[in-house]
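Summary of the model geometry
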Amino acid sequence: MSQVWYSVLVGLVAVERLAELVVAKRNLAWSLARGGRETGFAHYPFMVVLHTGLLAGCLAEVWLADRDFVALLGWPMLALVVLSQALRWWCIRVLGRQWNTRIVVVPGLPRVTGGPYRLVPHPNYVAVVVEGVALPLVHGAWLTALVFTVLNAGLLTVRIRAENDALRSVHV
(Lines give C-alpha, C1' and ligand atoms only; values in the text may rest on other atoms or scores of the structure.)
Protein backbone atom coordinates (compact mmCIF):
# COMPACT_ATOMS: atom_id res chain seq x y z
CA MET A 1 0.00 0.00 0.00
CA SER A 2 1.50 3.29 -1.04
CA GLN A 3 1.50 6.41 1.09
CA VAL A 4 -1.11 7.86 -1.27
CA TRP A 5 -3.49 4.93 -0.76
CA TYR A 6 -2.91 5.11 2.97
CA SER A 7 -3.81 8.80 2.87
CA VAL A 8 -7.02 7.89 1.06
CA LEU A 9 -7.79 5.38 3.82
CA VAL A 10 -7.21 7.99 6.54
CA GLY A 11 -9.36 10.41 4.52
CA LEU A 12 -12.17 7.86 4.39
CA VAL A 13 -11.95 7.41 8.16
CA ALA A 14 -12.13 11.21 8.51
CA VAL A 15 -15.28 11.27 6.35
CA GLU A 16 -16.75 8.52 8.52
CA ARG A 17 -16.00 10.61 11.62
CA LEU A 18 -17.77 13.60 10.05
CA ALA A 19 -20.78 11.37 9.38
CA GLU A 20 -20.74 10.40 13.07
CA LEU A 21 -20.80 14.07 14.03
CA VAL A 22 -23.83 14.66 11.80
CA VAL A 23 -25.65 11.75 13.47
CA ALA A 24 -24.54 12.94 16.92
CA LYS A 25 -25.78 16.49 16.31
CA ARG A 26 -29.17 15.20 15.16
CA ASN A 27 -29.40 12.84 18.14
CA LEU A 28 -28.34 15.59 20.56
CA ALA A 29 -31.21 17.81 19.39
CA TRP A 30 -33.63 14.87 19.70
CA SER A 31 -32.41 14.04 23.21
CA LEU A 32 -32.46 17.61 24.50
CA ALA A 33 -36.00 18.07 23.14
CA ARG A 34 -37.02 15.11 25.36
CA GLY A 35 -35.43 16.40 28.54
CA GLY A 36 -31.99 14.88 27.99
CA ARG A 37 -29.18 16.12 30.18
CA GLU A 38 -25.60 16.43 29.04
CA THR A 39 -22.84 15.64 31.53
CA GLY A 40 -19.09 15.20 31.36
CA PHE A 41 -18.58 18.04 28.90
CA ALA A 42 -15.21 19.08 30.34
CA HIS A 43 -13.30 16.24 28.65
CA TYR A 44 -15.11 16.49 25.28
CA PRO A 45 -12.78 19.11 23.70
CA PHE A 46 -9.78 16.95 24.61
CA MET A 47 -11.49 13.97 22.97
CA VAL A 48 -12.03 15.96 19.76
CA VAL A 49 -8.38 17.08 19.71
CA LEU A 50 -7.13 13.56 20.44
CA HIS A 51 -9.18 11.93 17.70
CA THR A 52 -8.25 14.64 15.20
CA GLY A 53 -4.64 14.17 16.28
CA LEU A 54 -4.88 10.46 15.55
CA LEU A 55 -5.77 11.13 11.93
CA ALA A 56 -3.21 13.92 11.53
CA GLY A 57 -0.55 11.85 13.29
CA CYS A 58 -1.14 8.90 10.98
CA LEU A 59 -0.55 11.06 7.93
CA ALA A 60 2.33 13.06 9.37
CA GLU A 61 4.24 10.03 10.61
CA VAL A 62 3.82 8.03 7.42
CA TRP A 63 4.82 10.93 5.16
CA LEU A 64 7.45 12.69 7.30
CA ALA A 65 9.12 9.59 8.74
CA ASP A 66 8.70 7.77 5.41
CA ARG A 67 7.19 4.71 7.06
CA ASP A 68 7.04 1.60 4.96
CA PHE A 69 4.00 -0.56 4.40
CA VAL A 70 4.78 -4.02 5.77
CA ALA A 71 2.19 -6.38 4.32
CA LEU A 72 2.43 -8.92 7.14
CA LEU A 73 1.32 -6.23 9.60
CA GLY A 74 -0.54 -3.83 7.32
CA TRP A 75 -3.20 -6.14 5.88
CA PRO A 76 -4.33 -7.59 9.23
CA MET A 77 -4.41 -4.04 10.66
CA LEU A 78 -6.55 -2.92 7.73
CA ALA A 79 -8.97 -5.76 8.48
CA LEU A 80 -9.13 -4.57 12.11
CA VAL A 81 -9.83 -1.00 10.96
CA VAL A 82 -12.75 -2.26 8.87
CA LEU A 83 -14.03 -4.43 11.73
CA SER A 84 -13.78 -1.53 14.18
CA GLN A 85 -15.89 0.61 11.84
CA ALA A 86 -18.45 -2.17 11.59
CA LEU A 87 -18.60 -2.46 15.38
CA ARG A 88 -18.93 1.32 15.76
CA TRP A 89 -21.86 1.49 13.33
CA TRP A 90 -23.47 -1.54 14.97
CA CYS A 91 -23.36 0.41 18.25
CA ILE A 92 -24.83 3.48 16.55
CA ARG A 93 -27.61 1.40 15.02
CA VAL A 94 -28.47 -0.43 18.25
CA LEU A 95 -28.49 2.75 20.35
CA GLY A 96 -30.48 4.61 17.72
CA ARG A 97 -31.39 8.13 18.84
CA GLN A 98 -29.61 7.53 22.15
CA TRP A 99 -26.18 7.30 20.51
CA ASN A 100 -24.01 10.38 20.74
CA THR A 101 -20.41 11.52 20.88
CA ARG A 102 -21.41 13.46 23.98
CA ILE A 103 -22.78 12.03 27.22
CA VAL A 104 -26.51 12.69 27.14
CA VAL A 105 -29.13 10.67 28.97
CA VAL A 106 -32.85 11.04 28.49
CA PRO A 107 -34.85 10.29 31.64
CA GLY A 108 -37.36 7.51 31.23
CA LEU A 109 -35.69 5.74 28.34
CA PRO A 110 -34.63 2.16 29.04
CA ARG A 111 -30.96 1.29 29.09
CA VAL A 112 -29.93 -0.45 25.89
CA THR A 113 -28.73 -3.99 26.58
CA GLY A 114 -29.05 -5.58 23.15
CA GLY A 115 -26.63 -6.03 20.28
CA PRO A 116 -23.00 -5.62 21.31
CA TYR A 117 -24.15 -4.14 24.64
CA ARG A 118 -25.21 -7.61 25.78
CA LEU A 119 -21.57 -8.68 25.49
CA VAL A 120 -19.60 -5.60 26.58
CA PRO A 121 -20.74 -2.55 28.58
CA HIS A 122 -19.00 -0.01 26.27
CA PRO A 123 -18.49 -1.69 22.87
CA ASN A 124 -18.01 1.60 21.03
CA TYR A 125 -14.82 2.12 23.04
CA VAL A 126 -13.60 -1.31 21.99
CA ALA A 127 -13.93 -0.01 18.42
CA VAL A 128 -12.07 3.19 19.33
CA VAL A 129 -9.21 1.30 21.00
CA VAL A 130 -8.84 -1.16 18.13
CA GLU A 131 -8.98 1.59 15.52
CA GLY A 132 -6.47 3.71 17.47
CA VAL A 133 -3.93 0.92 17.28
CA ALA A 134 -4.79 -0.55 13.90
CA LEU A 135 -5.20 2.56 11.72
CA PRO A 136 -1.67 3.85 12.34
CA LEU A 137 -0.15 0.37 12.09
CA VAL A 138 -1.68 -0.22 8.66
CA HIS A 139 1.29 1.76 7.37
CA GLY A 140 3.80 1.40 10.20
CA ALA A 141 2.99 4.56 12.15
CA TRP A 142 3.89 2.91 15.44
CA LEU A 143 4.64 6.18 17.26
CA THR A 144 1.16 7.53 16.52
CA ALA A 145 -0.37 4.24 17.66
CA LEU A 146 1.60 4.37 20.90
CA VAL A 147 0.90 8.03 21.73
CA PHE A 148 -2.80 7.76 20.88
CA THR A 149 -3.18 4.56 22.91
CA VAL A 150 -1.58 6.04 26.02
CA LEU A 151 -3.53 9.32 25.84
CA ASN A 152 -6.75 7.51 24.95
CA ALA A 153 -6.39 5.19 27.96
CA GLY A 154 -6.43 8.22 30.24
CA LEU A 155 -9.34 9.77 28.37
CA LEU A 156 -11.39 6.57 28.43
CA THR A 157 -10.85 6.26 32.18
CA VAL A 158 -12.51 9.65 32.63
CA ARG A 159 -15.10 9.12 29.89
CA ILE A 160 -16.34 5.70 31.03
CA ARG A 161 -16.57 6.88 34.64
CA ALA A 162 -18.63 9.90 33.50
CA GLU A 163 -20.90 7.72 31.34
CA ASN A 164 -21.47 5.21 34.10
CA ASP A 165 -22.28 7.99 36.57
CA ALA A 166 -24.74 9.54 34.09
CA LEU A 167 -26.43 6.20 33.43
CA ARG A 168 -26.72 5.45 37.15
CA SER A 169 -28.32 8.85 37.74
CA VAL A 170 -31.33 7.97 35.55
CA HIS A 171 -31.43 4.16 35.64
CA VAL A 172 -31.64 3.44 39.33
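Just above sits the structure.
Just so you know, these numbers come straight off a predicted model, no measurement behind them.

Below, the discussion takes up helix α2 (residues 44-64). Along its 21 residues, α2 runs 29 Å from first to last C-alpha, staying within 8% of the 30 Å computed at 1.5 Å per residue. Buried residues of α2: Y44, M47, L50, H51, L54, L55, G57, C58, E61 and V62, and no others. Buried-residue contacts for α2 involve α1 (3-33), α4 (123-137) and α5 (142-170). Just beyond α2, the residue with positive phi is D66, at close to 50 degrees.

Bringing α4 into the picture now. Over its 15 residues, α4 runs 21 Å from end to end, which matches the ideal 21 Å to within 8%, given 1.5 Å per residue. The largest bend in α4 comes to about 25 degrees, at E131. Judged by how many residues are buried, α4 sits mostly within the fold: 11 of 15 residues are covered. Listing the buried residues of α4 in full gives P123, N124, Y125, A127, V128, E131, G132, A134, L135, P136 and L137.

Our focus in this paragraph is the side chain of E131. Tracing the backbone shows E131 in helix α4. A polar contact of 2.3 Å, which involves the side chain of E131, links it to the side chain of Q85. Those residues in contact with E131 that lie beyond four places of it in its chain are V13, R17, L54, S84, Q85, R88 and P136.

Looking now at the packing of aromatic side chains. This model, assessed by the stated rule, comprises two aromatic pairs. Measuring from ring centre to ring centre gives 6.1 Å for F41 and Y44, while their planes differ by 25 degrees; the resulting arrangement is stacked. A residue is classified by how much of its surface remains accessible, and F41, at 44% relative accessible area, is partly exposed. Judged by relative accessible area, Y44 falls into the buried class, the value being 10%. Consider the rings of F69 and W75, whose centres lie 5.2 Å apart with planes at 75 degrees: the pair is edge-to-face. Residue F69 is classed as buried on the basis of its relative accessible area of 18%. The exposure class assigned to W75 is partly exposed, which follows from its relative accessible area of 46%.

The biggest cluster of nonpolar side chains holds 26 residues, and the ones touching the most others in it are Y6, L9, V10, C58, V81, L135 and V138. Taken together, the elements giving at least two residues each to this core come down to α1, α2, α3 (71-95), α4 and α5. Ranked by residues supplied to this core, first place goes to α2 with seven residues. Leaving out residues up to four positions away in the same chain, L9 has contacts with L78, L135 and V138. Judged by nonpolar contacts, the second largest core, of nine residues, contains L87, C91, I92 and Y117.

What counts and what doesn't
Residues numbered from 1 in each chain as written. Predicted model: local features only at pLDDT ≥ 70, side-chain atom pairs only at ≥ 80, totals over all residues. Heavy atoms only, no water. Helix = DSSP H or I, 4+ residues; strand = E, 2+ residues; numbered from the N terminus. Expected span 1.5 Å × (residues − 1). Buried < 20%, exposed > 50% of the residue type's maximum accessible area, 1.4 Å probe, protein only. Contact = heavy atoms within 4.5 Å. Bend = angle between axes of the 7 residues up to and from the residue. Polar contact = N/O pair within 3.5 Å; in protein donor to acceptor, adjacent residues only side chain to side chain. Phe/Tyr/Trp six-rings, centres within 6.5 Å; stacked < 30°, edge-to-face > 60°. Core = buried A, V, L, I, M, F, W, Y, C linked by side-chain atoms within 4.5 Å.

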